[in-house]
Amino acid sequence: MGSNLDLRKFQSGKDALAIEDAFSKVVSGGKPGYKTIIERKKLPPKCEKCTKIGNPEDKFCPDCGGKMIVPLTNCPTCQKEISEKERFCTECGTKLR
Ligand SMILES: [Zn+2]
Ligand SMILES: [Zn+2]
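Residues numbered from 1 in each chain as written. Chains lettered and ligands numbered in written order. Predicted model: local features only at pLDDT ≥ 70, side-chain atom pairs only at ≥ 80, totals over all residues. Heavy atoms only, no water.

## Examining the overall build of the protein
1) Next: Along the backbone of the protein there are 3 helices and 2 strands.
2) Next: Listing every helix and strand of the protein by position from the N terminus yields α-α-α-β-β.
3) Next: For the protein, buried positions account for 14% of its 97 residues.
4) Next: Across the protein, the fraction of contacts at a sequence separation of at least 24, relative to all contacts at a separation of at least 6, is 14%.
5) Next: For the protein, the exposed surface amounts to about 8400 Å²; the carbon and sulfur share of it is 55%. (Helix = DSSP H or I, 4+ residues; strand = E, 2+ residues; numbered from the N terminus. Buried < 20%, exposed > 50% of the residue type's maximum accessible area, 1.4 Å probe, protein only. Contact = heavy atoms within 4.5 Å. Areas by Shrake-Rupley, 256 points an atom, 1.4 Å probe, with all protein chains shown as cover.)

Given below as structure tokens:
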């Protein structure tokens, strides 16, 4: 009795978005705004000379006295997340080190 038509109507436009929204809530375990909960990890500093990983408060290496440097986690220009291995930002080409 026209129920098929009603269903199609429901799956388009705003209603489809609502379904998507509800689905993403299920996927995230029902936590509201779970995306914002994922914090940017603060990397521990690393020795410039011997590459030893130190404590967050270390300024100099306990092993060799080298300067501790904190690795970049985001591009200083476009804020794109970067991996430690990247020398240049893959988004904007900024030289990272
Ligand atoms: Zn060191
Ligand atoms: Zn960038």
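## Here we look at the coordination of the zinc ion (ligand 2)
1) Next: Coordination of the zinc ion (ligand 2) by the protein involves Cys 75 (SG), Cys 78 (SG), Cys 89 (SG) and Cys 92 (SG), with metal-donor separations of 2.3 Å.
2) Next: Each of the 4 donor atoms bound to the zinc ion (ligand 2) contributes to angles spanning 106 to 115°, and the resulting shape is tetrahedral. (Donors = N, O, S within 2.8 Å, 3.2 Å for Na, K, Ca; no water. Tetrahedral: all angles 85-135°; square planar, octahedral: opposite > 155°, others 65-115°.)

## Quick look at the layout of surface pockets
1) Next: What the second largest pocket holds in volume is close to 210 Å³.
2) Next: In the lining of the second largest pocket, the residues fall into 6 nonpolar, 1 polar and 4 charged. (1 Å grid on protein atoms, 1.4 Å probe; cavity = no way out; pocket = protein on both sides within 12 Å on 5 of 7 lines; lining within 4 Å. Points joined across faces, edges and corners; volume = space filled by probe spheres on them. Nonpolar A, V, L, I, M, F, W, Y, C, P; charged D, E, K, R; others polar.)

## Remarks on the confidence of the model for the protein
In low-pLDDT regions, the fine details of the predicted coordinates are not to be read closely.
1) Next: Mean pLDDT for the protein: 79, with 69% of residues reaching 70 or above.
2) Next: Per-element confidence in the protein is highest for strand β1 (residues 46-47), whose mean pLDDT is 92, and lowest for helix α3 (residues 34-37), whose mean pLDDT is 51. (pLDDT = per-residue confidence, 0-100.)

## Description of the side chain of Thr 94
1) Next: Locating Thr 94 in the fold gives a position in the segment after β2 (68-69).
2) Next: Beyond its immediate sequence surroundings of up to four residues, Thr 94 is in contact with Cys 75, Pro 76, Thr 77, Arg 87, Phe 88 and Cys 89.

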